[in-house]
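Chain by chain, the residues run as shown.
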Amino acid sequence: DTAVSQTPKYLVTQMGNDKSIKCEQNLGHDTMYWYKQDSKKFLKIMFSYNNKELIINETVPNRFSPKSPDKAHLNLHINSLELGDSAVYFCASSQESVDTQYFGPGTRLTVL
Amino acid sequence: AQSVTQLDSQVPVFEEAPVELRCNYSSSVSVYLFWYVQYPNQGLQLLLKYLSGSTLVKGINGFEAEFNKSQTSFHLRKPSVHISDTAEYFCAVTQAAGNKLTFGGGTRVLVKP
């Protein structure tokens, strides 16, 4: 059973397009996250939701919009994609906000 | 604000040799500390964590780490590495009353036969 799953695994698109990445967790966790990992492997939190409520919103361009339809899902929609958005995006979840986070396999986004 | 510094970006090591990965953090309040491992083309997986209690923490795959509050460090060690330990290792910190995990820049461990 996959605990945290993301789709798609790879996403190649042109500049200016709009795309979405989906995340689902079957662990019954209350908190979900989106991270961005750049080409140098640096990992930075973007958003965090607790029971469908936004609790962390780092300095991310407003072209990025997370949506949590229920506490098991946290999707990431990106408008007007730019070259600098190319990265690996990880979804994660945890029971409590200070507890162990379980990561998905990542979505490698390439903007051409 | 909190921050994490991993002092070594790459650590080459021979198989069956010991390895130590250094991690220092900065925070004005109590923290929880974590080590995660990322195998090639995979997500992150927890190796071990320090929340409270004994400062020596044992994790999976033979790894252990020691929390040193006076030196604000949380170094990771393994006495004998295997080829399969080749991966990227991340130290992370969150405030005890907070909700944001801050990661270090990562240390790439390359185990050579």
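Residues numbered from 1 in each chain as written. Chains lettered and ligands numbered in written order. Predicted model: local features only at pLDDT ≥ 70, side-chain atom pairs only at ≥ 80, totals over all residues. Heavy atoms only, no water.

Asker: Go over the packing of aromatic side chains with me, naming the residues and quoting the values.
Answerer: For the coordinates displayed, the defined rule picks out 13 aromatic pairs over all chains. Site record: aromatic cluster; members linked through ring pairs are Tyr 33, Tyr 35, Phe 90 and Phe 103 of chain A together with Phe 34, Tyr 36, Phe 90 and Phe 103 of chain B. (Phe/Tyr/Trp six-rings, centres within 6.5 Å; stacked < 30°, edge-to-face > 60°.)

Asker: Mind laying out unusual backbone geometry, listing which residues take part and the relevant values?
Answerer: Peptide bonds are mostly trans, and most non-glycine residues show a negative phi. Each neighbour pair has its own omega, and for Thr 7 of chain A with Pro 8 of chain A the value is -5°, a cis peptide bond. Take Pro 8 of chain A: it is sitting in the loop between strand S1 (4-7) and strand S2 (10-13). Residues other than glycine seldom take positive phi values, yet Glu 16 of chain B does so here, at roughly 75°. Of note, Glu 16 of chain B is situated in the loop between strand S2 (10-14) and strand S3 (19-21). A relative accessible area of 61% places Glu 16 of chain B in the exposed class. (Helix = DSSP H or I, 4+ residues; strand = E, 2+ residues; numbered from the N terminus. Buried < 20%, exposed > 50% of the residue type's maximum accessible area, 1.4 Å probe, protein only.)

Asker: Provide a residue-level description of the state of the cysteines, including the pertinent values.
Answerer: Counting across every chain of the model gives two disulfides over all chains. Two residues share a disulfide in this structure: Cys 23 of chain A and Cys 91 of chain A, whose sulfurs sit 1.8 Å from each other. Residues Cys 23 of chain A and Cys 91 of chain A are joined by a disulfide whose S-S torsion is about -75°; by sign, that bridge is left-handed. Of this pair, Cys 23 of chain A sits in strand S3 (residues 19-25) while Cys 91 of chain A sits in strand S9 (residues 87-94), placing them 68 residues apart in sequence. Like Cys 91 of chain A, Cys 23 of chain A is buried. What pairs with Cys 23 of chain B in a disulfide is Cys 91 of chain B, and their sulfur atoms sit 2.0 Å apart. Negative torsions about the S-S bond denote left-handed disulfides, and the value of about -65° found for Cys 23 of chain B with Cys 91 of chain B makes this one left-handed. Remark: Cys 91 of chain B occurs in strand S10 (residues 87-95) and Cys 23 of chain B occurs in strand S4 (residues 23-26); sequence separation between them is 68 residues. (Disulfide = S-S within 2.5 Å.)

Asker: Any chance you could break down the pairing of S2 of chain A for me, citing the residues and the numbers?
Answerer: In regular strands, side chains alternate between the two faces of the sheet. All names here are of chain A. Only one face of S2 is covered, namely the face carrying Leu 11 and Thr 13; the face carrying Tyr 10 and Val 12 is uncovered. Strand direction decides the pairing type here: S2 and strand S11 (residues 107-111), joined by four bridges, are parallel. Pairing of Val 12 across the sheet is with Thr 110, part of S11. (Pairing = 2+ DSSP bridges.)

Asker: An account of the environment of Ala 65 of chain B is needed here, citing residue identities and associated values.
Answerer: Residue and element names in this part refer to chain B. As for its position among the elements, Ala 65 is in strand S8 (residues 64-68). Sequence-wise, Ala 65 and Leu 48 are 17 residues apart; in three dimensions their C-alpha atoms are separated by 7.8 Å. Not counting residues up to four positions away in its chain, the partners in contact with Ala 65 are Trp 35, Leu 48, Thr 55, Leu 56, Val 57, Phe 74, His 75 and Leu 76. (Contact = heavy atoms within 4.5 Å.)

Asker: Give me the sheet that holds strand S7 (residues 64-70) of chain A: which residues, what numbers.
Answerer: Residues and elements named next belong to chain A. One open sheet accounts for four strands, arranged S1-S3-S8-S7; its pairing is antiparallel. Because the sheet does not close on itself, it has two edges, and the strands there are S1 and S7. Here the average twist between neighbouring strands, direction ignored, is 20°. Two strands pair when backbone bridges link them, and S1 and S3 are joined in this way by four bridges, in the antiparallel orientation. Opposite Gln 6, over in S3, you have Cys 23 as the bridge partner. (Axes fitted to C-alpha atoms, helices over the stretch in contact; angles between N-to-C directions.)

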